[in-house]
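Observations on the model geometry
What follows is each chain in one-letter form.
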Amino acid sequence: MSVEVTRVGPEAAAEVLAVVRAAFGARPPLDPPAAALLETEETIAARLSAYGGLLARLDGEPVGALVLDPVGSTTYLRRFGVTPAAQGHGVAAALIDAAVDAAAGSDDLTVVAREELPATVEFWVRQGFREIRREPPNVELRRPLRTHVFQAPDAEAMRGLGRSLAGQLAPGDLIVLSGELGAGKTTFTQGLGAGLGVRGAVTSPTFVIARVHPSTVGGPDLVHVDAYRLGGLEELDDLDLDASLDEAVTVVEWGEGLAEGLSESRLEVAIVRGDAPHDGLDPRRVEITPVGPRWHALSFRGLG
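Here we summarise the structure given alongside this text.

Analysis parameters
Numbering of residues begins from 1 in every chain and follows the order in which that chain's sequence is written. Residues qualify for local features only when their pLDDT is at least 70, as the model is predicted, and side-chain atom pairs are given and counted only at 80 or more; totals for whole chains, interfaces and linings, by contrast, use all residues. Only hydrogens and water are set aside; all other atoms, that is, all heavy atoms of the structure, feed into the side-chain values. The criterion is simple. A nonpolar core is a set of buried Ala, Val, Leu, Ile, Met, Phe, Trp, Tyr and Cys residues joined through side-chain atoms within 4.5 Å. Exposed residues in this analysis have more than 50% of their type's maximum accessible area, buried residues have under 20%, and partly exposed residues fall in between, with area computed by a 1.4 Å probe over protein chains only. Strands are runs of DSSP state E lasting at least 2 residues, helices are runs of H or I lasting at least 4, and numbering of each runs from the N terminus. Should any heavy atoms of two residues lie within 4.5 Å, those residues are considered in contact. Expected helix span is given by 1.5 Å per residue-to-residue step, counting one fewer step than there are residues. Between any two strands, at least two bridges found by DSSP are needed for them to pair. Helix axes are fitted only over the stretch in contact, all axes being lines through C-alpha atoms; the angle between N-to-C directions runs from 0 to 180 degrees. Every case where a carboxyl oxygen of Asp or Glu lies within 4 Å of a side-chain nitrogen of Lys or Arg is listed as a salt bridge.

1. Some thoughts on the nonpolar core
Counting 28 residues, the largest nonpolar core has Leu66, Leu95, Leu109, Trp124 and Leu141 as its most contacted members. Counting residues per element, the ones that place at least two in this core are strand E2 (53–58), strand E3 (61–71), strand E4 (74–82), helix H3 (91–102), strand E5 (108–114), helix H4 (118–126) and strand E7 (138–144). The biggest single contributor to this core is H3, with seven residues. Not counting residues up to four positions away in its chain, the partners in contact with Leu141 are Leu109, Thr110, Val111, Ala113, Val121, Trp124, Val125, Phe129, Arg130, Glu131 and Ile132. Counting 26 residues, the second largest nonpolar core, distinct from the first, contains Leu177, Phe188, Leu267 and Ile288.

Below, the structure is given as structure tokens:
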């Protein structure tokens, strides 16, 4: 089965309405009822006439839709829905990817979910959205457009993501890693080390604060720093590293709010535990946010 997402206008109002009614009609009854169920072909056409929308087809059949609604610096995704029979085929993810492209020029994407539907709220959280406002019965969630979200269902997938990212790194690059204890920061760095072709086992540098892994392939060294016990960036100067940060790839665990001053450009990588472990898996969500001019021309869509 193949998913195709296209930008549509008022001419697609009937197809969008059919998807919205099927998707919202299958949800549990709410009080007050979902406003989407009050839509008509005329009201949907009016919404689409303003800024358009997206229609997803699965093997040619309309199965997913949303309406784009730019407000200030954000773009709201209205009437987002996937028909029940098409769920589980990547339709929602394809719609979100297309919305990122369609909302070019906005700072972020915003959705409004109902707090009585915690599974729906959790779905948006898994897609990199964060709650910014709660006014019962609504929960408003927002995702910065520059953030790229990847799923890592197990440790090998986490290493694979790091290995893929390594192919886009160059001397002087800085990666700031954040995530709770045991989230997978060192596992991600192991993948980076493998992709960079450096020497030595990449382990947590907690007790030594920093390790230098020399390149075995003529590329940049890997400087692996644990900032948990550092009092400030000036302490990096006291580590007597056997590598220049300008000539190495530097990864700083626990570096959020501390390591940003090392470079005007950096990758902020946040690792978040996903759903509760099941079937032997302990999934993670990896959010990569490029900051600064170094990353403006690079794409991260081929990762993972």
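2. Side note on helix H6 (residues 185–196)
For an α-helix the count is 3.6 residues per turn, leaving residues at separations of three or four pointing the same way. Compared with an ideal rise of 1.5 Å per residue, which puts twelve residues at 16 Å, H6 spans 17 Å between its outermost C-alpha atoms and is within 8% of the ideal. Counting buried residues along H6, nine of its twelve residues qualify, which places the element largely inside the surrounding structure. Regarding H6, the residues found buried are Lys185, Thr186, Thr187, Phe188, Thr189, Gly191, Leu192, Gly193 and Leu196. Where H6 is buried, its residues contact helix H5 (155–166), strand E9 (174–178), strand E11 (221–226), strand E12 (248–253) and strand E13 (266–273). Among the residues trailing H6, Gly197 stands out with phi positive, at a value near 70°.

3. Comments concerning the sheet that holds E4
Pairing within the open sheet is mixed, and its seven strands lie in the order E1-E2-E3-E4-E5-E7-E6. The strands lining the two open edges of the sheet, one partner per strand, are strand E1 (3–8) and strand E6 (130–135). Averaged over all pairs of adjacent strands, the angle between strand axes in this sheet comes to 25°, irrespective of strand direction. Bridge count between E4 and E5: three bridges; the pairing is parallel. Bridge pairing in E5 places Thr74 opposite Asp108. The sheet strands contacting H3 are E1, E2, E3, E4, E5 and E7, and the helix crosses E4 at an angle near 155°. Strands in contact with H4 are E4, E5, E6 and E7; relative to E5, the strand with the most contacts, it is inclined by about 165°.

4. A few points about the environment of Val202
Structurally, the position occupied by Val202 is in the loop between H6 and strand E10 (210–213). In this structure, the C-alpha to C-alpha distance between Val202 and His213, residues eleven residues apart in sequence, is 8.0 Å. With sequence-adjacent residues up to four places away left out, Val202 is seen in contact with Thr186, Thr189, Gln190, His213, Leu222 and His224.

5. A closer look at the pattern of salt bridges
Tallied over the entire structure, the rule returns 17 salt bridges. The salt bridge partner of Asp69 is Arg78, with a shortest N-O separation of 3.0 Å. The partly exposed category is assigned to Arg78, whose relative accessible area is 24%. Salt-bridge contacts for Glu180 lead to Arg273; the nearest nitrogen and oxygen are separated by 2.4 Å. Remark: Arg273 occurs in strand E13 and Glu180 occurs in the loop between E9 and H6; sequence separation between them is 93 residues. Judged by its relative accessible area of 47%, Glu180 falls in the partly exposed class. Here Arg273 falls in the partly exposed class, since its relative accessible area comes to 34%. Each member of the salt-bridge network shares a partner with another, and the members are Asp108, Arg133, Glu140 and Arg142.

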